[in-house]
Amino acid sequence: MYQTQTLWLAGLLALLITSLAGVTPNASAQATQTPETREISLPRGEEKDFGTPPAIPTGPLKPEVKKALDTAFGENLKTATWADDQSAALATLASSKDPRVAWIISDFMRIVSNPGFLQLFSTAAGEVLELDIPLNDAWAITTDHLIAWDIPAPPGYLSYKRNIFTVIVPEWERIFAEGDIDWRHVSWGGVRIDDRPFDKTDTPCNCIPAADNPKVTNAEDATWLADDAVVFGVQVNGESRAYPRRIMEVREMVNDTLGGRSLGIPYCTLCGAAQAYFTDQLADGIERPILRTSGLLIRSNKVMYDVNTFSVFDTFRGDAVTGPLHKKSVALKQAGVVTTSWGEWKKAHPETTVLIEELALGRDFDFRNNRDAKGPIFPVGDVDPRLPVHEDVLGIITNKGTPVAFHINSALKELTGGKKITVDNVHLVLDGGGVRAVDKNGKDLGGHQAFWFAWSQFYPKTELWPL
């Protein structure tokens, strides 16, 4: 079953960087609502049945298991050949009855596409997890179960994972650092890191290229943008700007200045979320973070980082989770983002500026309607069944610390009908055809739209409006 597999490093690298799985590079809140609001019927999702997890040992790894991990995935991984001793080590891991090692097996499956290796590793993962794992989509099936079962990582996990992932992208060495992040859930998104310095928008790279200080035009001159095109509207200190989804699907990150404030604006195509983070007015001695796409994902959400310090940020929460900025407890505040159409946005904000067409690099993606239309294409484990995975919600944290997700379609129906929507200090209002979260005085509170699966997994105890 564990036949010898010999593969020199040069051949390994050629096989690793391939087209993978069709990846394209790229309880306390109460609402002051009317009875009619509470009668809104929401669509419902379906729970997945992942079965019963295997028994999980605790404490240190058995000596023979630790030795097998070091042999197969230790420091020699980048320079050694895969031969008899590593195949024997994989067999030891498979028969160990320790499901924790399946995380490392799964990580290695993510970076290879050679059928022989996939068969070898999917068989090993199936044995240790007591699952029948088909070769087709073996990595995703394995990882979905590991996440859903919440299998702990083995001792020393991060070092093994770093060894594996830096085989394909050596620049990730500084990314894989200890911090407030669950490295079990981090996987490769199929693209390389954008590690270009600031203000290199036009510099080619083998990555998803962020746009820095993007060129803009006024609404009248943006004749290329159809009125029904989706845009993400941001307003800071009275200055408005539209970020077309067509551009954001190509760039996925913009470092901009608006209303006299510095912003970092990530867009995750996989979770339908555009956010706007203030990257200025930080503590003394902290340089403005320049946000970039790492090429990594965490439960189908992009992992962004600061190119100056290689500090990783939680894209949904805005806090630094590794590196120097984590040690300084840097947490970025958000500006609100309104997801709407270009026609509605420019009608409500005629003075708006908008990014120029050239930033789209001639591409016109619509991932939501094709690639990931049937659900997340990367493993997320179990999902909250209160809504289908791709229902749109506006997520925000109230002044009581309660995460709340507002069902967008229901909110639009109520607001356009003249109803009020209030939860704690959060008031929803219409803005340019979309929805914005403000306080009682109309001050922006920084909410943003996202797919339900994404918001609910990062805020698993979220309240869902209608409550």
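I will try to describe carefully the structure that is included in this document. None of these values were measured; they are calculated from a predicted model.

Overview of the nonpolar core
Counting 84 residues, the largest nonpolar core has Phe73, Phe108, Phe121, Trp172, Ile175 and Phe316 as the members making the most contacts within it. At eight residues, helix α6 (residues 115–129) tops the list of elements feeding residues into this core. Other than its neighbours up to four places away in sequence, Ile175 contacts Trp183, Ile193, Leu296, Tyr305, Phe310, Val312 and Thr322. Counting 21 residues, the second-largest nonpolar core is a separate cluster that includes Val236, Ile247, Val337 and Ile356.

Focus: the environment of Lys66
As for its position among the elements, Lys66 is in helix α3 (residues 63–73). In this structure Lys66 comes out as partly exposed when scored by relative accessible area, which is 37%. Filtering out sequence-adjacent residues up to four positions away, Lys66 remains in contact with Leu61 and Tyr160.

A word on the packing of helix α5 (residues 102–110) against helix α7 (residues 138–149)
Between α5 and α7, the least distance of the axes is 9 Å, while the angle of their chain directions is 150°. It follows from the interaxial angle that α5 and α7 lie roughly antiparallel. The chirality of how α5 crosses α7 is left-handed. Taken together, the residues of α7 that come into contact with α5 (itself represented by Ala102, Trp103, Ser106, Met109 and Arg110) are Ala138, Trp139, Thr142, Thr143, Leu146 and Ile147. Of the residues contributing to the contact of α5 with α7, the split by class is seven nonpolar, three polar and one charged.

The rules behind each value
Residues numbered from 1 in each chain as written. Predicted model: local features only at pLDDT ≥ 70, side-chain atom pairs only at ≥ 80, totals over all residues. Heavy atoms only, no water. Core = buried A, V, L, I, M, F, W, Y, C linked by side-chain atoms within 4.5 Å. Buried < 20%, exposed > 50% of the residue type's maximum accessible area, 1.4 Å probe, protein only. Helix = DSSP H or I, 4+ residues; strand = E, 2+ residues; numbered from the N terminus. Contact = heavy atoms within 4.5 Å. Axes fitted to C-alpha atoms, helices over the stretch in contact; angles between N-to-C directions. Parallel < 35°, antiparallel > 145°, perpendicular 65-115°, else oblique. Left-handed = near helix turned anticlockwise from the far one by under 90°. Nonpolar A, V, L, I, M, F, W, Y, C, P; charged D, E, K, R; others polar.

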